[in-house]
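Secondary and tertiary structure notes
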Amino acid sequence: MKKLLLLPAIFLTLLSCTNDDNADGTDDTPPVDEPNAVQLRNDATFGNVLTNAEGFSLYFFSLDSKGDSNCTDGCLANWPIFYAEDLTLDQGLNAADFGSITRGDGERQTTYKGWPLYLFANDNAAGDTNGDGVGDVWYIAKPDYSVMMTQAQLIGRDFDGNETNLTSTYEPGDEQTFYMVDANGNTLYRFVNDRNGVNNFTADDFSNNSVWPIFEEALQRVPSILDTNDFGSIDVFGRNQLTYKGWPLYYFGQDAQRGDNFGVGFPTAGIWPILNPDTEVAPEPDPNAVQLKNDATFSDILTNADGFSLYFFSLDSKGDSNCSGDCEDIWPVFYAENLTLDPGLDPDDFGTIEREDSSMQTTYKGWPLYLYANDAAAGDTTGDGVGNVWYIAKPDYTIMMTQAQLIGRDVDGVETNLTSAYEPGDELTFYMVDDEGNTLYRFVNDTNGVNNFTADDFSNNSVWPIFEEALQRVPSILDTNDFGSIDVFGRTQLTYRGWPLYYFGQDEQRGDNFGVGFPSAGVWPILNTLTEEAPQANNTTTTYNVSNQAASAYIFSGGGLNNENNPDLTLTRGETYEFVVDAPGHPFLIKSVQSTGTGNTYNDGVTNNGAESGTVVFTVPNGAPDTLFYNCEFHSPMTGTLTIIN
């Protein structure tokens, strides 16, 4: 009876088991995820490191830069190879960085960025990193190395393509040399002619970058044998180049495979060495041939490589040296065959001339450069102002001074030597030029702070271009307080003692001063320290209202006139007259010839010439002819005579 009672219980137990399983016998329990074959773990010392599925650290062997394993036989007892047939990866790892090789013993081995991967037998627990730095050739495997170390035979390739085994001293021979490569095993080099933080190889247009490409990696991690403080970066024409102990780092364009190191022999052995912890700090740059120094009195000045001040000679405005013979004993010529410049100096501003004695001389903005024999020490500036013709060389002069013969060219193109009084004769005159030796002028009919020449549309600016430089520095003989600026129809013109400054359009070469004779001598004088303050503008202006009577006459009112037809007018030199024109279809022109058309217009001191609805302003120049005319552009009856008096 007891056996029968047990049957329901057994049945219930079996029924219970059946309810826990699917009808088809499968298990509903979620499977446990297998750990990835390669994991990315953060280590307190090394940052991100690679491990196997159990969390044991993986390693690189620095002798494996060519991508083959150089750990064999007894080495493998300490450094077991790592191979994952089913390669699964943690997030943050890129499958494209992984590969596999077949070793010499026929075994397979996983690689990362071409480096075969190993474990270390003396890592006793997951997370150990005991293998890093062993023998200075084993390094923890990291995904973010910027550089790695390798040990290999140097095989240099010279300019003719001949390959030679080289030692670490770049002599022919067999030796394993320890050196730096990038994260992918590509050799890095330095150039023996570089200096600390200075790339002396790469062209500014990178035209030679394919021969020795700059290493542009940003520094992340380095092997523990290296010190991150030894690395830096420099700007190379807008691109960043990594440096080691001050040496800019390069690849070699002929290194086609990882592990190649042909560059150590090119063009001859030792010109492009490898780098390692024994590399000495790069030498400091040689001082630049021309330096930019800040002086307490003169601010930025030019000096030679030894810090001695450089000078301009004001007689050299044409770009040739006028210091020879005994002059050279006091003012030695400056010449730099290898012209290197401090930052802030533009190579385009420098040049070279051949002197009369066939020696060479360096120029700045066309000015020959000199030293001064009486400057006893670097930083001395005792030559400035000597004889009022020698000035410290500065990069930021707006104005310079020169001394030369005035050669005026009149309206007919006739050239005449002129004195400082603008009379025919030979005389050296002291006057103002711009920083490149171009002569500056004033207009005798201008007044203090008033440009009475330039047309509002700048149509006559090519004849006498306004000088639009902003004032920076001037020679010590000049006073910056004498300079100012004015607005000329929206453009800024520099002034000196109230006189607006101009160039002359026919001065084609630096040092030309033809404008002193145009249109006749003295109308456009030069300027110097003897120039008097410009006269104040005459506050009295005569105003005429000008309308028209059909096409037969202009009608004038004002200025003592009352509706007069085509009156003849008398104007006084130096005074200003306004013609308020309201004559649509009848442009009002001041001319040197009584005729229609726009030929022979007289524009000196005239603004808005030819207005038909607007104001024509005429400040009569001192050099104006005795007779001028006003004419309608289209209708000959509309005309009158302008008699000019003093």
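Let's shift gears to the overall build of the chain. For the chain, the count of helices and strands is three helices and 36 strands. Against the 2.2 N^0.38 benchmark of 26 Å for 646 residues, the chain shows a C-alpha radius of gyration of 43 Å, more extended than a compact globule. If one aligns the C-alpha atoms of the chain with their principal axes, the spans along those axes are about 155 × 85 × 45 Å. Here the chain holds 646 residues, and the buried ones make up 47% of them. Pairs at least 24 residues apart make up 67% of the contacts formed inside the chain by residues separated by at least 6 positions.

Once that is clear, we can look at empty space enclosed by the protein. Within this structure, the stated rule accounts for one cavity of 30 Å³ or more. Volume-wise, the largest cavity comes out at about 30 Å³. Taken together, Phe 60, Tyr 112, Lys 113, Trp 115, Lys 142, Tyr 145, Met 148 and Ala 183 make up the lining of the largest cavity. The residue inventory of the lining of the largest cavity, partitioned by class, reads six nonpolar, no polar and two charged.

Our focus in this paragraph is the state of the cysteines. All chains considered together, the criterion is met by two disulfides. Covalent S-S linkage joins Cys 71 and Cys 75, the inter-sulfur distance amounting to 1.9 Å. A torsion of -105° about the S-S bond marks the disulfide between Cys 71 and Cys 75 as left-handed. A relative accessible area of 0% places Cys 71 in the buried class. The disulfide partner of Cys 323 is Cys 327, and the S-S distance across this bridge is 1.9 Å. The sign of the S-S torsion, about -110°, decides the handedness of the disulfide formed by Cys 323 and Cys 327: left-handed.

What follows deals with the layout of surface pockets. Of the volumes computed, that of the largest pocket is approximately 650 Å³. What lines the largest pocket is a set of 20 residues, and nearest its centre among them are Val 198, Asn 199, Asn 200, Asn 288 and Thr 340.

Next up on the list: the sheet that holds strand S5 (residues 108-112). What the three strands build is an open sheet, ordered S4-S5-S6; its pairing is antiparallel. If you trace the sheet from one side to the other, it starts and ends with strand S4 (98-102) and strand S6 (115-116), each paired once.

Right, let's get into the packing of aromatic side chains. In the structure shown here, the tally under the stated rule is 61 aromatic pairs. Taken together, a centroid distance of 6.4 Å and an interplanar angle of 90° make the contact between Phe 61 and Tyr 118 edge-to-face. One end of the pair, Phe 61, is in strand S3 (residues 59-61); the other, Tyr 118, is in the loop between S6 and strand S7 (138-140), and 57 residues separate them in sequence. Under the relative-accessibility criterion, Tyr 118 is labelled buried at 0%. The interplanar angle of 55° and the centroid separation of 4.8 Å between the aromatic rings of Phe 98 and Tyr 112 together place this pair among those described as tilted. Of the two residues, Phe 98 sits in strand S4 while Tyr 112 sits in strand S5, which places them 14 residues apart along the sequence. The pair formed by Phe 98 and Tyr 112 is uniform in burial state, with each residue classed as buried. Cation over ring: Arg 409 sits above Phe 514, and NZ or CZ is 3.8 Å from the ring centre. In this structure, Arg 510 is placed above the aromatic ring of Trp 367, and the distance from its NZ or CZ to the ring centre is 5.2 Å.

When pLDDT is averaged across the chain, the result is 93; 95% of the residues are at 70 or more. Taken together, the stretch residues 1-21 has pLDDT below 50 and engages in zero contacts with residues farther than four places along the chain or on a different chain.

Quick notes on the rules
Residues numbered from 1 in each chain as written. Predicted model: local features only at pLDDT ≥ 70, side-chain atom pairs only at ≥ 80, totals over all residues. Heavy atoms only, no water. Helix = DSSP H or I, 4+ residues; strand = E, 2+ residues; numbered from the N terminus. Rg over C-alpha atoms; globule rule 2.2 N^0.38 Å. Buried < 20%, exposed > 50% of the residue type's maximum accessible area, 1.4 Å probe, protein only. Contact = heavy atoms within 4.5 Å. 1 Å grid on protein atoms, 1.4 Å probe; cavity = no way out; pocket = protein on both sides within 12 Å on 5 of 7 lines; lining within 4 Å. Points joined across faces, edges and corners; volume = space filled by probe spheres on them. Nonpolar A, V, L, I, M, F, W, Y, C, P; charged D, E, K, R; others polar. Disulfide = S-S within 2.5 Å. Pairing = 2+ DSSP bridges. Phe/Tyr/Trp six-rings, centres within 6.5 Å; stacked < 30°, edge-to-face > 60°. Lys NZ or Arg CZ within 6 Å of the ring centre and 35° of its normal. pLDDT = per-residue confidence, 0-100.

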